[in-house]
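Each chain is listed here by its residues.
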Amino acid sequence: MTPTATMLACLLGIFAMGGALALGVGPGQQEGQPAASGPTEIALPETHHGAWAGPNRLWIFDPTTPDRSDGTVEVAAKTVRYTWSRGDKDHEGVIELAGQPGALRCEWTDSFHAGGGMTLHGYQHEGVVHLYGTYPAGPGQPDWGWQIELDARDREAFVLRMFNVVPGHGPMPAVVLHGTR
């Protein structure tokens, strides 16, 4: 199969699965009633809404020696705000989610990593939001990638992970902020 045909087959499968899931019985719906119309919008779990704090690790050069600082995370249904520091400089970021769990769009700004903002795309699966994007590495260089994971699988933690995707090497840790209450 060509890459285009493979992508089309995957998309058709996702649409078919979405249609099948819409036939289930939802909250407040009686069996035999039609499912609510419209797609489900992304929402981070209510169990994780609110303030979290914990250690932040930042990898710049040496993958075995991260910079460490304290970090905070504020989680809402579609927004994650976080803070951390490097040396004596404080940094902050905002992740704004939109779309359906299977087809997300994210607007991300970070005073250290993405001051001008960046659009990422991804999906939510089993308690983790996976986001992906690329950015220019410079003239004559292939684009690099950026990945973000918002992990709400543990009811007692919210973990923010970021990876720099280096051409020819794959994802490398960039940030891990492990928040607890």
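It should be noted that the structure appears before, not after, this text.
**Q** When you look at the overall build of the protein chain in this model, what are you seeing that I'm missing?
**A** Helices and strands together make up the secondary structure of the protein chain, namely one helix and ten strands. Written out in order from the N terminus, the α and β elements of the protein chain read α-β-β-β-β-β-β-β-β-β-β. Every one of the 181 residues in the protein chain was classed for burial, and the buried ones make up 34%. Taking as baseline every contact in the protein chain between residues at least 6 positions apart, the subset at least 24 positions apart corresponds to 37%.

**Q** I keep staring at a nonpolar patch on the surface and nothing clicks. Help me out?
**A** On the surface, Ile60, Phe61 and Phe112 cluster together into a nonpolar patch covering about 320 Å² of accessible area. Note on placement: isoleucine 60 falls in the loop between β1 (50-58) and β2 (67-75).

**Q** Mind showing me how you'd approach the pairing of strand β8 (residues 144-151) here?
**A** In regular strands, side chains alternate between the two faces of the sheet. In terms of burial, β8 is a largely internal element, seven of the eight residues being buried. Note that strand β7 (residues 128-135) and β8 share eight bridges and pair antiparallel. Its bridge partner being in β8, threonine 134 is matched across the sheet by glycine 145. Inspection of the sheet shows β8 paired to strand β9 (residues 158-166) by seven bridges, in the antiparallel sense. Counted as the bridge partner of glutamine 147 is phenylalanine 163 from β9. Following β8, the chain reverses through six residues before pairing antiparallel with β9.

**Q** Can you walk me through the nonpolar core in this structure?
**A** Nonpolar side chains tend toward joint burial in soluble globular proteins. Ile95, Trp108 and Ile148 are the most contacted members of the largest nonpolar core, which totals 29 residues. Beyond its immediate sequence surroundings of up to four residues, tryptophan 108 is in contact with Tyr82, Val94, Ile95, His113, Ala114, Gly117, Met118, Leu120, Trp146, Ile148 and Met162.

Cut-offs and rules
Residues numbered from 1 in each chain as written. Predicted model: local features only at pLDDT ≥ 70, side-chain atom pairs only at ≥ 80, totals over all residues. Heavy atoms only, no water. Helix = DSSP H or I, 4+ residues; strand = E, 2+ residues; numbered from the N terminus. Buried < 20%, exposed > 50% of the residue type's maximum accessible area, 1.4 Å probe, protein only. Contact = heavy atoms within 4.5 Å. Patch = residues over 30% accessible without salt bridge, like charges linked within 9 Å, V, L, I, M, F, W, Y side chains within 5 Å. Areas by Shrake-Rupley, 256 points an atom, 1.4 Å probe, with all protein chains shown as cover. Salt bridge = Lys/Arg side-chain N within 4 Å of Asp/Glu carboxyl O. Pairing = 2+ DSSP bridges. Core = buried A, V, L, I, M, F, W, Y, C linked by side-chain atoms within 4.5 Å.

Distances and angles like these do not, on their own, reveal function.
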